[in-house]
Amino acid sequence: MMNLLRRVPALLSTAVLLAAASVQADVRLPKVFGDHMVLQQKLPIQVWGWADNGEEVTVTIGEKKATATAAADGKWRVTLDALEAGGPVEMTVAGKNSITLTDVLVGEVWIGSGQSNMQWTVAASDNAEQEIAAADFPRIRLFTVARKAAAEPQEDVEGVWTTATPETVKNFSAVAYFFGRELHKELDVPVGMINTSWGGTIVEAWTSHETLQSDPDFQAILERSKNFQENNPNQASVLYNGMIKGLIPFGIRGAIWYQGESNVGRAEQYAELFPAFIADWRKNWAQGEFPFLFVQLAPFRYQGQDPRSLAELWEAQLKTLSVINTGMAVTTDIGNVKDIHPKNKQEVSRRLALWARAAVYGQDVVYSGPLYKSMQVEDKRVRLSFKHADGGLVAKDGELTHFQIAGDDGEFVPAKATIEGETIVVSSDQVEKPAAVRFAWDDVAEPNLFNDAGLPASPFRTDTFPMVTAGKR
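Residues numbered from 1 in each chain as written. Predicted model: local features only at pLDDT ≥ 70, side-chain atom pairs only at ≥ 80, totals over all residues. Heavy atoms only, no water.

> Mind showing me how you'd approach the nonpolar core here?
One broad rule of soluble globular proteins: the nonpolar side chains tend to lie buried together. Ranked by internal contacts, the top residues of the largest apolar core, which has 136 residues, are F33, W76, W281 and F403. Not counting chain neighbours up to four residues away, the residues in contact with F403 comprise L384, V413, P414, A415, A417, I424, V426, V437, R438, F439, L449 and F460. (Core = buried A, V, L, I, M, F, W, Y, C linked by side-chain atoms within 4.5 Å. Buried < 20%, exposed > 50% of the residue type's maximum accessible area, 1.4 Å probe, protein only. Contact = heavy atoms within 4.5 Å.)

Now the structure itself:
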């Protein structure tokens, strides 16, 4: 008996080692692969994970199959041929052990990211009770990434795929859900929405360190981050590390983005940083220049900021449309100047979906409100031309509002604006020699210029006078 007791520690130690070895030997997948997920149709399917060094791993989806061997660090990755929309199918991953994922659909997959207006739930939006009760969409699947700030890039994220039901929808991102619902109804294919958002966060937190480090203009961002406390979500790159890196290279069609509130006051920098952030995601996903659609912020009085600061951020967002394969939903008419979180997320999502339906899926729909194109000085007045003046320009509820005009001195005064066909003529008795026009150049501006399709015009300016945010890096 004494000999047996002496052997117990050794036996336990051996059992622990064997158990550890068994766990280590198991083939593993990232959390973004799971039961009920949606795989992106018509794109090669990337599947990856971990196993023992040298272990052969075979992935099978329907009739598609591919095999890889785990490298010295245990990582493996396969690429399967593209699938058409449909399902459900099973996905199996077989090495020394086997994993089977069930109820897998193939369709359209989109990332929804940003700060609180993307994080904002269905339960907190307009008509919440009715929207939640109506959420019965077996072919819409939802995945929420757990919020995590990380100093170093993480290989995985936390989250699970669920089917869209009243229970799962109520606390999901409203913008992401309503956007996915629009696509599902219009395309009649399964849709998967991945929500990875965090309220109050800055765009540089969602951008990789490599991109920020590569541009001298962003050195101030890296220096400023050194002053934050540990785990602060507004340090440079920490949300890319903790909430994006672990999703890559899961196949997606594109991304929708609702952010910028936390960068108001740094619009000049945002005009450079936002396109760099988009390029960063595209580079790291290695899926080409995938569609990137974003929401132009709604009017709101930002305390402690110049009243023109938001207008300058609107301009930075507008300029980002010059980046290939981007789209923008204007929301100046559906905000709340006293609440930074407008509740009408349905219309925000519908406008994002219009861009997707037209630019991504080739549907014949009007997808943008009027966007400033050019100006021409005609004696004492200025004529403005627009893109997306579909069906003509419209002034809702009376005369056009929120136009200003100035001469070379840059002193802007309220102006009279009149629609003439698909142009607008702007003038003021106070300006004899006009040189510039501004539209909705104030953080609480709720202008009434639309096109005939009912989509609002973006705020704009025709001048290049110094910005109030200049130098605020």
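What follows picks up the thread again.
> For this particular structure, what's the right way to read the pairing of strand β12 (residues 292–295)?
A regular strand places its side chains so that they alternate between the two faces of the sheet. Side chains F292 and F294 project from β12 onto one buried face, and the interleaved L293 and V295 project onto a second face that is buried too. Pairing of strand β11 (residues 254–258) with β12, which is carried by three bridges, proceeds in the parallel orientation. Its bridge partner lying in β12, I256 is registered against L293. Regarding topology, helix α9 (residues 267–285) serves as the crossover connection from β11 to the parallel β12, and that connection is right-handed. (Helix = DSSP H or I, 4+ residues; strand = E, 2+ residues; numbered from the N terminus. Pairing = 2+ DSSP bridges. Right-handed = clockwise from strand over helix to strand, strands pointing away.)

> Would you explain the environment of V57 in this entry?
Tracing the backbone through its elements, the reader meets V57 in strand β3 (residues 56–61). In this structure, the C-alpha to C-alpha distance between V57 and N97, residues 40 residues apart in sequence, is 9.4 Å. When residues no more than four places from it in sequence are discounted, the contact partners of V57 are V27, A51, A66, T67, A68, W76, V93 and A94.

> Sorry if this is basic, but what is going on with the confidence of the model for the protein here?
Averaged over all residues, the pLDDT of the protein is 94; the fraction at 70 or higher stands at 95%. Across residues 14–23, where pLDDT falls below 50, the model places zero contacts with residues more than four positions away in sequence or in other chains. (pLDDT = per-residue confidence, 0-100.)

> Looking at this structure, how should I read unusual backbone geometry?
For residues besides glycine, phi is generally negative; the peptide bonds are generally trans as well. Cis geometry is found at the peptide bond from G87 to P88, where omega equals 10°. The topology assignment puts P88 in strand β6 (residues 86–94). Here I248 and P249 are connected by a cis peptide whose omega angle stands at 10°. For P249, the position within the fold is in the loop between α8 (238–244) and β11. Although it is not a glycine, N231 adopts a positive phi angle of roughly 70°. Relative to the elements of secondary structure, N231 occurs in the loop between α7 (219–225) and α8.

> I keep staring at the packing of α9 against helix α10 (residues 309–319) and nothing clicks. Help me out?
For any two helices packed against each other, the geometry comes down to the angle between their axes and how far apart the axes lie. Two elements in contact, α9 and α10, have axes whose closest approach is 8 Å; the angle formed by their N-to-C orientations is 20°. Judged by the inter-axis angle, α9 sits roughly parallel to α10. Pair α9 / α10 crosses with right-handed handedness. Residue-level inspection shows A267, Y270 and A271 of α9 in contact with α10, the latter providing S309, E312, L313, A316 and Q317. (Axes fitted to C-alpha atoms, helices over the stretch in contact; angles between N-to-C directions. Parallel < 35°, antiparallel > 145°, perpendicular 65-115°, else oblique. Left-handed = near helix turned anticlockwise from the far one by under 90°.)

> Mind showing me how you'd approach the side chain of S428 here?
Turning to its location among the elements, S428 is positioned in the loop between β20 (423–427) and β21 (436–439). Discounting residues that sit within four places of it in the chain, S428 has contacts with I405, V413, P414 and A415.

> Could you clarify how one ought to interpret the sheet that holds strand β17 (residues 403–406) in this entry?
The pairing of strands in a sheet comes from backbone hydrogen bonds and takes either a parallel or an antiparallel form. Spatial ordering of the open sheet is given by β18-β17-β21-β23, a layout of four strands whose pairing is antiparallel. The open sheet is flanked by β18 (413–414) and β23 (460–461), the only strands paired with a single partner. Pairing of β17 with β21 involves four bridges; the strand directions are antiparallel. In the strand pairing of β21, I405 is matched with V437.

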